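The primary structure of each chain is shown beneath.
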Amino acid sequence: MLLQGERLDDLQFGGLMLIQRADAYCFTSDAVLLANSVAVSRGDKVVDLGAGSGIISVIIAAKRGANVTAVEFQPWAADLIRRNAALNNLSDKISVYEGDINGCGKVLPVFDAAVSNPPYFRAGSGEVRGDVRSALSRHESTCTLEDLARESARLLREGGRFYMVHKVERMAEALTRLSNNNLQPKQVTLIYPKPDRQADTFIVTAVKGGRPGMKLSSLTVYGRDGEMTAEAAKLYGKI
(Lines give C-alpha, C1' and ligand atoms only; values in the text may rest on other atoms or scores of the structure.)
Protein backbone atom coordinates (compact mmCIF):
# COMPACT_ATOMS: atom_id res chain seq x y z
CA MET A 1 0.00 0.00 0.00
CA LEU A 2 3.03 2.29 0.12
CA LEU A 3 3.53 4.85 -2.63
CA GLN A 4 6.78 6.58 -3.53
CA GLY A 5 7.95 8.87 -0.72
CA GLU A 6 5.88 7.11 1.95
CA ARG A 7 6.89 5.15 5.03
CA LEU A 8 5.16 2.79 7.45
CA ASP A 9 5.29 3.59 11.18
CA ASP A 10 4.46 1.23 14.04
CA LEU A 11 2.06 2.84 16.54
CA GLN A 12 3.18 0.27 19.16
CA PHE A 13 -0.32 -0.69 20.19
CA GLY A 14 -2.36 -3.66 19.05
CA GLY A 15 -0.49 -3.98 15.77
CA LEU A 16 -1.67 -0.57 14.55
CA MET A 17 0.40 0.91 11.71
CA LEU A 18 0.32 4.27 9.96
CA ILE A 19 1.39 5.30 6.48
CA GLN A 20 2.99 8.74 6.37
CA ARG A 21 4.62 10.92 3.74
CA ALA A 22 8.27 11.57 4.50
CA ASP A 23 8.08 14.97 2.79
CA ALA A 24 5.02 16.19 4.71
CA TYR A 25 4.25 17.02 8.33
CA CYS A 26 4.31 13.79 10.37
CA PHE A 27 2.48 13.21 13.63
CA THR A 28 4.17 13.86 16.98
CA SER A 29 3.52 12.70 20.53
CA ASP A 30 1.06 15.62 20.86
CA ALA A 31 -1.40 13.86 18.54
CA VAL A 32 -0.98 10.52 20.33
CA LEU A 33 -1.49 12.06 23.78
CA LEU A 34 -4.56 13.91 22.54
CA ALA A 35 -6.11 10.84 20.94
CA ASN A 36 -5.61 8.80 24.10
CA SER A 37 -7.24 11.56 26.17
CA VAL A 38 -10.55 11.40 24.29
CA ALA A 39 -13.14 9.73 26.53
CA VAL A 40 -15.74 8.19 24.22
CA SER A 41 -17.48 4.83 24.08
CA ARG A 42 -18.14 2.22 21.44
CA GLY A 43 -20.58 3.54 18.86
CA ASP A 44 -20.15 7.21 19.78
CA LYS A 45 -19.87 9.64 16.88
CA VAL A 46 -16.61 11.59 16.77
CA VAL A 47 -15.38 14.20 14.30
CA ASP A 48 -11.61 14.65 13.79
CA LEU A 49 -11.05 18.18 12.49
CA GLY A 50 -7.95 18.61 10.33
CA ALA A 51 -7.18 14.90 10.44
CA GLY A 52 -3.90 14.89 8.48
CA SER A 53 -2.73 11.31 8.01
CA GLY A 54 -5.49 10.04 10.30
CA ILE A 55 -3.42 9.21 13.38
CA ILE A 56 -6.07 10.46 15.82
CA SER A 57 -8.94 8.84 13.90
CA VAL A 58 -7.15 5.48 13.84
CA ILE A 59 -6.38 5.49 17.57
CA ILE A 60 -9.90 6.53 18.62
CA ALA A 61 -11.61 4.05 16.29
CA ALA A 62 -9.31 1.18 17.28
CA LYS A 63 -9.12 1.79 21.03
CA ARG A 64 -12.58 3.17 21.76
CA GLY A 65 -14.68 1.56 19.04
CA ALA A 66 -16.11 4.95 18.12
CA ASN A 67 -17.31 5.92 14.66
CA VAL A 68 -15.04 8.69 13.38
CA THR A 69 -15.54 11.22 10.60
CA ALA A 70 -12.16 12.61 9.56
CA VAL A 71 -12.35 16.13 8.09
CA GLU A 72 -9.42 16.93 5.78
CA PHE A 73 -9.30 19.32 2.83
CA GLN A 74 -5.96 18.27 1.29
CA PRO A 75 -6.68 15.49 -1.26
CA TRP A 76 -3.38 13.67 -0.69
CA ALA A 77 -4.04 13.55 3.07
CA ALA A 78 -7.67 12.46 2.63
CA ASP A 79 -6.44 9.57 0.47
CA LEU A 80 -3.89 8.70 3.16
CA ILE A 81 -6.62 8.54 5.83
CA ARG A 82 -8.67 6.14 3.70
CA ARG A 83 -5.65 3.89 3.15
CA ASN A 84 -4.68 3.99 6.83
CA ALA A 85 -8.24 3.02 7.77
CA ALA A 86 -8.09 0.08 5.35
CA LEU A 87 -4.60 -0.91 6.54
CA ASN A 88 -5.88 -1.22 10.11
CA ASN A 89 -9.21 -2.86 9.18
CA LEU A 90 -11.10 0.24 10.30
CA SER A 91 -12.85 1.24 7.07
CA ASP A 92 -16.19 0.50 8.72
CA LYS A 93 -15.31 2.85 11.60
CA ILE A 94 -13.61 5.74 9.79
CA SER A 95 -15.17 7.85 7.05
CA VAL A 96 -13.58 10.86 5.37
CA TYR A 97 -15.15 14.24 4.65
CA GLU A 98 -12.87 15.81 2.05
CA GLY A 99 -13.45 19.50 2.55
CA ASP A 100 -12.63 22.60 4.58
CA ILE A 101 -13.30 22.86 8.31
CA ASN A 102 -14.91 26.22 7.61
CA GLY A 103 -18.54 25.52 6.81
CA CYS A 104 -18.46 21.80 7.58
CA GLY A 105 -20.74 22.43 10.56
CA LYS A 106 -23.52 23.28 8.11
CA VAL A 107 -23.04 20.04 6.15
CA LEU A 108 -22.11 17.28 8.59
CA PRO A 109 -24.43 15.77 11.23
CA VAL A 110 -24.24 16.29 14.99
CA PHE A 111 -21.49 14.48 16.92
CA ASP A 112 -20.91 13.34 20.51
CA ALA A 113 -17.31 14.56 20.50
CA ALA A 114 -14.94 16.65 18.39
CA VAL A 115 -11.14 16.49 18.46
CA SER A 116 -8.44 18.56 16.80
CA ASN A 117 -4.67 18.90 16.66
CA PRO A 118 -4.70 22.21 14.76
CA PRO A 119 -1.83 24.25 13.30
CA TYR A 120 0.02 25.89 16.17
CA PHE A 121 1.18 29.09 14.46
CA ARG A 122 -0.76 32.08 13.18
CA ALA A 123 -0.55 32.75 9.46
CA GLY A 124 2.61 34.70 8.69
CA SER A 125 4.31 33.86 12.00
CA GLY A 126 6.96 31.35 12.96
CA GLU A 127 9.40 29.58 10.71
CA VAL A 128 8.02 28.07 7.50
CA ARG A 129 9.53 24.61 7.02
CA GLY A 130 9.23 22.22 4.11
CA ASP A 131 6.79 22.47 1.23
CA VAL A 132 3.20 23.71 1.13
CA ARG A 133 1.92 20.50 2.75
CA SER A 134 4.02 21.07 5.86
CA ALA A 135 3.23 24.79 5.93
CA LEU A 136 -0.53 24.16 5.89
CA SER A 137 -0.17 21.71 8.79
CA ARG A 138 1.86 24.16 10.90
CA HIS A 139 0.23 27.54 10.14
CA GLU A 140 -3.36 28.81 10.29
CA SER A 141 -3.49 29.49 6.57
CA THR A 142 -7.06 28.32 6.06
CA CYS A 143 -8.52 27.82 9.56
CA THR A 144 -7.96 30.00 12.64
CA LEU A 145 -8.67 29.16 16.28
CA GLU A 146 -11.88 31.17 15.99
CA ASP A 147 -12.95 29.18 12.93
CA LEU A 148 -12.21 25.91 14.71
CA ALA A 149 -14.15 26.87 17.84
CA ARG A 150 -17.15 28.07 15.82
CA GLU A 151 -17.40 24.97 13.63
CA SER A 152 -16.84 22.61 16.56
CA ALA A 153 -19.73 24.22 18.44
CA ARG A 154 -21.94 23.74 15.39
CA LEU A 155 -20.97 20.09 15.08
CA LEU A 156 -21.48 19.08 18.71
CA ARG A 157 -24.69 18.10 20.42
CA GLU A 158 -25.56 19.89 23.65
CA GLY A 159 -23.26 18.45 26.30
CA GLY A 160 -20.85 17.14 23.66
CA ARG A 161 -17.13 17.37 24.35
CA PHE A 162 -14.36 19.11 22.42
CA TYR A 163 -10.73 18.00 22.80
CA MET A 164 -7.72 19.97 21.54
CA VAL A 165 -3.95 20.12 21.98
CA HIS A 166 -2.16 23.43 21.49
CA LYS A 167 0.85 25.52 22.50
CA VAL A 168 0.91 26.97 26.03
CA GLU A 169 1.79 30.39 24.63
CA ARG A 170 -1.67 30.51 23.01
CA MET A 171 -3.64 29.07 25.92
CA ALA A 172 -5.36 32.33 26.93
CA GLU A 173 -6.50 32.92 23.36
CA ALA A 174 -7.66 29.33 22.92
CA LEU A 175 -9.73 29.26 26.12
CA THR A 176 -11.30 32.62 25.26
CA ARG A 177 -12.23 31.47 21.74
CA LEU A 178 -13.84 28.32 23.11
CA SER A 179 -15.79 30.14 25.83
CA ASN A 180 -17.06 32.74 23.36
CA ASN A 181 -18.44 29.92 21.20
CA ASN A 182 -20.38 28.16 24.00
CA LEU A 183 -17.62 25.58 24.55
CA GLN A 184 -16.89 25.80 28.27
CA PRO A 185 -13.33 24.69 29.17
CA LYS A 186 -13.62 22.06 31.92
CA GLN A 187 -10.17 20.42 32.06
CA VAL A 188 -6.72 21.69 31.08
CA THR A 189 -3.70 19.37 31.26
CA LEU A 190 -0.26 20.97 30.99
CA ILE A 191 2.19 18.73 29.13
CA TYR A 192 5.80 18.75 30.38
CA PRO A 193 8.31 17.00 28.06
CA LYS A 194 10.66 16.33 31.02
CA PRO A 195 10.74 17.20 34.75
CA ASP A 196 13.31 19.98 34.20
CA ARG A 197 11.49 21.55 31.23
CA GLN A 198 8.66 24.04 31.10
CA ALA A 199 5.26 22.89 29.86
CA ASP A 200 5.15 23.52 26.11
CA THR A 201 1.70 22.22 25.16
CA PHE A 202 -1.66 21.64 26.82
CA ILE A 203 -4.75 19.54 26.23
CA VAL A 204 -8.11 21.16 26.84
CA THR A 205 -11.48 19.45 27.23
CA ALA A 206 -14.49 21.71 26.74
CA VAL A 207 -18.21 20.97 26.99
CA LYS A 208 -20.83 22.57 24.76
CA GLY A 209 -23.21 24.45 27.02
CA GLY A 210 -21.25 23.44 30.11
CA ARG A 211 -21.29 25.36 33.37
CA PRO A 212 -18.26 27.48 34.34
CA GLY A 213 -15.60 25.69 36.36
CA MET A 214 -12.27 24.28 35.22
CA LYS A 215 -9.76 21.82 36.67
CA LEU A 216 -6.02 22.03 36.03
CA SER A 217 -3.67 19.03 35.91
CA SER A 218 -0.24 18.16 34.53
CA LEU A 219 1.49 15.31 32.73
CA THR A 220 5.23 14.71 32.42
CA VAL A 221 6.01 12.55 29.39
CA TYR A 222 9.62 11.47 30.05
CA GLY A 223 11.52 11.10 33.32
CA ARG A 224 15.08 12.20 34.04
CA ASP A 225 16.27 8.77 32.90
CA GLY A 226 14.81 9.37 29.44
CA GLU A 227 12.17 6.66 29.89
CA MET A 228 8.46 7.34 29.51
CA THR A 229 6.80 8.00 32.85
CA ALA A 230 4.29 5.48 34.19
CA GLU A 231 1.53 8.09 33.86
CA ALA A 232 2.29 8.72 30.19
CA ALA A 233 2.73 5.00 29.47
CA LYS A 234 -0.68 4.29 31.00
CA LEU A 235 -2.25 7.00 28.84
CA TYR A 236 -0.59 5.52 25.75
CA GLY A 237 -1.99 2.12 26.69
CA LYS A 238 1.44 0.57 27.20
CA ILE A 239 0.59 -0.52 30.77
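In case you missed it, the structure is sitting above this.
Quick notes on the rules
- Residue positions are counted from 1 within each chain, in the order its sequence is given.
- Totals for whole chains, interfaces and linings use every residue, but because this is a predicted model, local features are given only for residues with pLDDT of at least 70 and side-chain atom pairs only at 80 or more, for both listing and counting.
- As a rule here, side-chain values come from all non-hydrogen atoms in the structure, and water together with hydrogens is ignored.
- Pairing between strands is defined by DSSP: at least two bridges between the two strands are required.
- Helix and strand definitions here come from DSSP, where helices need a minimum of 4 consecutive H or I residues and strands a minimum of 2 consecutive E residues; each element is numbered from the N-terminal end.
- For every element, the axis is a line fit to its C-alpha atoms; helices are fit only across the contacting stretch, and the angle between N-to-C directions ranges from 0 to 180 degrees.
- Throughout, nonpolar core names a set of buried Ala, Val, Leu, Ile, Met, Phe, Trp, Tyr and Cys residues whose side chains join them through atoms within 4.5 Å.
- Here's how the labels work: a residue is buried when its accessible area is under 20% of the maximum for its type, exposed when over 50%, partly exposed in between, all with a 1.4 Å probe on protein chains only.
- Any two residues having at least one pair of non-hydrogen atoms within 4.5 Å are treated as being in contact.
- The sense of a crossing depends on the near helix, which, turned anticlockwise from the far helix by less than a right angle, makes the crossing left-handed and, turned clockwise, makes it right-handed.
- Asp, Glu, Lys and Arg are counted as charged, while Ala, Val, Leu, Ile, Met, Phe, Trp, Tyr, Cys and Pro are counted as nonpolar; the rest, among them Gly, fall into the polar class.

### Describing the sheet that holds strand E3 (residues 45–49)
In space, the eight strands of this open sheet follow the order E5-E4-E3-E6-E7-E9-E8-E10, with mixed pairing throughout. Two strands close off the open sheet at either side, each with one partner strand: strand E5 (94–98) and strand E10 (215–220). With strand direction ignored, the average angle separating the axes of adjacent strands in the sheet is 20 degrees. Here seven bridges tie strand E7 (residues 156–167) to strand E9 (residues 201–208), and the two strands are oriented antiparallel to one another. The partner of Tyr 163 across the bridge, within E9, is Thr 205.

### Things to note about the nonpolar core
Generally speaking, soluble globular proteins have nonpolar side chains that are buried together. By size, the foremost hydrophobic cluster in this structure holds 36 residues, and its most contacted members are Val 46, Ile 56, Ile 60, Ile 94 and Val 115. For this core, the secondary-structure elements that each account for two or more residues are helix H1 (29–37), helix H2 (55–64), strand E4 (67–72), helix H3 (75–87), strand E6 (111–116), E7 and helix H7 (230–236). Setting aside its immediate chain neighbours within four residues, Val 115 contacts Leu 34, Val 38, Val 46, Val 47, Asp 48, Leu 49, Ile 56, Ile 60 and Tyr 163. Counting 28 residues, the second-largest nonpolar core is a separate cluster that includes Ala 149, Leu 156, Val 204 and Ala 206.

### What to know about the packing of helix H5 (residues 145–155) against helix H6 (residues 171–180)
Taken N-terminus to C-terminus, the directions of H5 and H6 make an angle of 35 degrees; their axes are 9 Å apart at the nearest point. The two elements H5 and H6 meet at a crossing, and its hand is right-handed. On H6, the residues touching Leu 145, Glu 146 and Ala 149 of H5 are Glu 173, Ala 174, Arg 177 and Leu 178. For the contact of H5 with H6, the per-class residue count stands at four nonpolar, no polar and three charged.

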